[in-house]
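Listed here are the chains, written in short residue letters.
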Amino acid sequence: MRPTYLQVDLAQLKQNLENIRAHVAPAKVLVVLKANAYGHGVDGVAPFIAPFADYIGVAIVEEAIHLRKMGIATPILVMGGTLPGQLPDFFEYDLTLAASSLDLLTAAEQLAASTRKRLKTHLKIDTGMERIGVREYEAEALIEKSLSCSHLEIEGIFTHFANSEIMESKTMESISLLIADGAHSPSDSIVKASLQLERFQEVLSIYERRSEPHPLIRHTANSGATLLMPESHYDMVRPGVLFYGVYPARDIERTIDVKPALTWKSQVVYSKITLPGRGVSYGSLWQAEAESRIVTVPCGYADGYFRRMTNQPRVIINGKSYPQVGRICMDQFMVNAGLDDVKVGDEVTLLGNGIAPEELADWAGTNEYEVMTNISARVPRVFV
Ligand SMILES: *Cc1c(COP(=O)(O)O)cnc(C)c1O
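Residues numbered from 1 in each chain as written. Predicted model: local features only at pLDDT ≥ 70, side-chain atom pairs only at ≥ 80, totals over all residues. Heavy atoms only, no water.

Draft legend 1. Local environment of the site of the ligand. Around the ligand lies a shell of 13 residues, among which Lys34, Tyr38, Ser223, Val241 and Tyr369 are the nearest. Note that an oxygen atom of the ligand is positioned 2.6 Å from one of the side-chain N or O atoms of Tyr369. A total of 400 Å² of accessible area belongs to the ligand in isolation, and the protein chains cover 91% of it. The residue inventory of the shell around the ligand, partitioned by class, reads six nonpolar, four polar and three charged. (Near = heavy atom within 4 Å. Polar contact = N/O pair within 3.5 Å; in protein donor to acceptor, adjacent residues only side chain to side chain. Areas by Shrake-Rupley, 256 points an atom, 1.4 Å probe, with all protein chains shown as cover. Nonpolar A, V, L, I, M, F, W, Y, C, P; charged D, E, K, R; others polar.)

What follows is the structure in structure tokens.
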């Protein structure tokens, strides 16, 4: 096997799920397995975790089909946008549709009537993301229509938060600092999760007024809301990053005990003494001041070890932390082992064993989600 690999601790993932479940009970837990299980490798994670999940969430229908072909029988909600042309797959693979528009709901009902199969459907309400979904102020028509869709099983209703990981006690000023990595908008446009919840609650009231008592699965909470807003848990929560052991923001109190399950490892593939003044790697961005042992690690940005981290990361070799030096290449990067006797074949840890996903996110100037989901398919996943 390739010396560069990702080790995934399945028992830790199960423990994370159990700890989340204990925190939100009696609410159910939808486990989010989109984006290759946040990079962990869905082929190993899904069969192991599905028996313990009440529901599975994916972003796109292709991910759901992949799970069904693996034999996963747990209900699967396709949370993202669906084109009308993709609807037949929902019938064929027994998937749950996020009905995010009146048109999609109508198309689904027509197809269900003609195929005589009932399709599980969750109404998607947009309370402040301005992404997919029907806004709370136009939801009445969607609800009205859903009540006449006799061929659909209207099973749930949900919304998604834009800022759930931001604590409400924060001032607007500190909020805009928090989201500074993408702050293109004035802070007064930030929609608070509590406002989104109010809007969702209005929609639920419309539903309750219109319909016979009907137990819809109501769900809103991503990881941030699972942690910070117990009133958002309703009947089910949808933790993604938290299930993978990572908090959605750094300043959230650790009220649910979860831990990352990833260890990214490699091996030294070359070891040489480099003379002072000899620039290392493309662009010769780094050079040693004195004779130094420069070792090469067979992992690069094509594996998801971002090029823009160049000269910032540290790795662990033989229990010691060393700096990455020189431009990170597509398939290799270099490490300055100083005067230490680091040899070909020595194990290198890139993530885990004391290197947190948060550190990689900082070096890459992004968040933990992007770091994890970008560990590429070229890196074998080993499930333990
Ligand atoms: C990805 C996603 C989640 C999970 O988000 P986290 O922040 O990782 O918890 C929940 N709901 C929807 C609709 C999503 O797309």
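Draft legend 2. Summary view of the pairing of strand S5 (residues 96–99). The alternating pattern of S5 places Thr96 and Ala98 and Leu97 and Ala99 on opposite faces, both of which are buried. Where strand S4 (residues 76–78) lies against S5, two bridges are found, and the strand directions are parallel. Bridge assignment links Val78 to a residue of S5, and that residue is Leu97. The handedness of the S4 to S5 crossover, carried by helix H5 (residues 87–92), is right-handed. (Buried < 20%, exposed > 50% of the residue type's maximum accessible area, 1.4 Å probe, protein only. Helix = DSSP H or I, 4+ residues; strand = E, 2+ residues; numbered from the N terminus. Pairing = 2+ DSSP bridges. Right-handed = clockwise from strand over helix to strand, strands pointing away.)

Draft legend 3. Structural context of the domain arrangement of the protein chain. Annotation of the protein chain at the domain level lists domain 1 (10–237) and domain 2 (262–383). One C-alpha centre belongs to domain 1, the other to domain 2, and the line joining them spans 37 Å. If you look at the interface, domain 1 gives nine residues, while domain 2 gives six residues. For the pair domain 1 and domain 2, the summed buried surface comes to about 740 Å²; carbon and sulfur atoms form 71% of the total. Considering only the side of domain 1, the residues that lose the most area to domain 2 are Tyr38, Gly39 and His40, jointly responsible for 62% of the buried surface there. Among the elements of the structure, helix H2 (34–38) and helix H3 (42–49) are those that each provide at least two residues to the side of domain 1 that touches domain 2. When grouped by side-chain class, the residues that make up the side of domain 1 that touches domain 2 number four nonpolar, five polar and no charged. (Domains from an automatic or database assignment. Contact = heavy atoms within 4.5 Å. Buried area = accessible area lost by both parts, 1.4 Å probe.)

Draft legend 4. Structural detail: the pattern of salt bridges. Here the structure, examined in full by the defined rule, presents 19 salt bridges. Its salt-bridge partner being Asp94, residue Lys120 comes within 3.8 Å of it at the nearest N-O pair. Of this pair, Lys120 sits in strand S6 (residues 119–126) while Asp94 sits in the loop between H5 and S5; the two residues are 26 residues apart in sequence, bridging distant segments of the chain. Here Lys120 falls in the buried class, since its relative accessible area comes to 18%. For Glu359, the salt bridge is made with Arg314, and the minimal N-O distance between the two is 3.1 Å. Here Glu359 is found in helix H11 (residues 357–364), whereas its partner Arg314 is found in strand S16 (residues 314–317), with 45 residues between them in sequence. Among the ionic contacts, a cluster of salt bridges with common partners joins Arg2, Asp303, Asp331 and Arg378. (Salt bridge = Lys/Arg side-chain N within 4 Å of Asp/Glu carboxyl O.)

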